[in-house]
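The lines below spell out each chain.
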Amino acid sequence: YLGFGHGDLKRDTDEIAKLMTYLVCHHGAESFALVGHSTGCQNAVHFLASGDRDLVKMIKAVALQAPVSDRESISLTPGDHDASIQYARKLVADKNGDEMMPRDAFWAPITASRYISLFDLGGDDDFFSSDLTQS
């Protein structure tokens, strides 16, 4: 699945809410457990913080399997990541965040906005980096 390269946390939170609402309305679900793997851990945390309050109250367990700092892990792969960050920032600043990044920026198709979210300091997905503080 390569859809993570053009999505965002808000879209994912909305989709989780739609699934939960469907399960409540059509299958009588009364409680849920969220399991996030790798980048999916950001989805679980974001849903807890930003999801529909009534649905969040129905979550009884959350498991984060292999939460990852995408920002820190990108440095383990080949490429000029600083240049890619600068290019993505420019696209976003020019209101072109939905433009796809060049093929050499990342192994999967990814938009400039998503690239910033995953790999820039303070990006929307930057939840698990070792240099983050509590605040």
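Our subject is the structure that appears above.
Residues numbered from 1 in each chain as written. Predicted model: local features only at pLDDT ≥ 70, side-chain atom pairs only at ≥ 80, totals over all residues. Heavy atoms only, no water.

## Side note on the packing of aromatic side chains
Following the criterion strictly, the structure yields four aromatic pairs and no others. Geometrically, the ring pair formed by F106 and F119 is tilted, given 5.1 Å between the ring centres and 55° between the ring planes. Taken together, the residues F106 in the loop between α5 (81-93) and α6 (112-119) and F119 in helix α6 connect sequence positions 13 residues apart. The exposure class assigned to F106 is buried, which follows from its relative accessible area of 13%. Taking the centre distance of 6.1 Å and the plane angle of 70° together, the rings of F127 and F128 count as edge-to-face. By relative accessible area, which is 28% here, F127 ends up partly exposed. Counting every residue linked through ring pairs, the aromatic cluster contains F106, W107, Y115 and F119. (Phe/Tyr/Trp six-rings, centres within 6.5 Å; stacked < 30°, edge-to-face > 60°. Helix = DSSP H or I, 4+ residues; strand = E, 2+ residues; numbered from the N terminus. Buried < 20%, exposed > 50% of the residue type's maximum accessible area, 1.4 Å probe, protein only.)

## Topic: unusual backbone geometry
Residue A66 is not a glycine yet carries a positive backbone phi of 60°. The phi dihedral of K95 falls on the positive side, at around 65°, and the residue is not glycine. As for its placement among the helices and strands, K95 is situated in the loop between α5 and α6.

## Observations regarding the packing of helix α1 (residues 9-27) against helix α2 (residues 40-50)
Packing of α1 against α2 leaves a shortest axis separation of 9 Å and a crossing angle of 75°. By the criterion of interaxial angle, the relationship of α1 to α2 is roughly perpendicular. Between α1 and α2, the contacting residues are L9, K10, D12, T13, I16, A17 and M20 on the first element and Q42, N43, H46, F47 and S50 on the second. Here the contact of α1 with α2 is composed, by residue class, of five nonpolar, five polar and two charged. (Axes fitted to C-alpha atoms, helices over the stretch in contact; angles between N-to-C directions. Parallel < 35°, antiparallel > 145°, perpendicular 65-115°, else oblique. Contact = heavy atoms within 4.5 Å. Nonpolar A, V, L, I, M, F, W, Y, C, P; charged D, E, K, R; others polar.)

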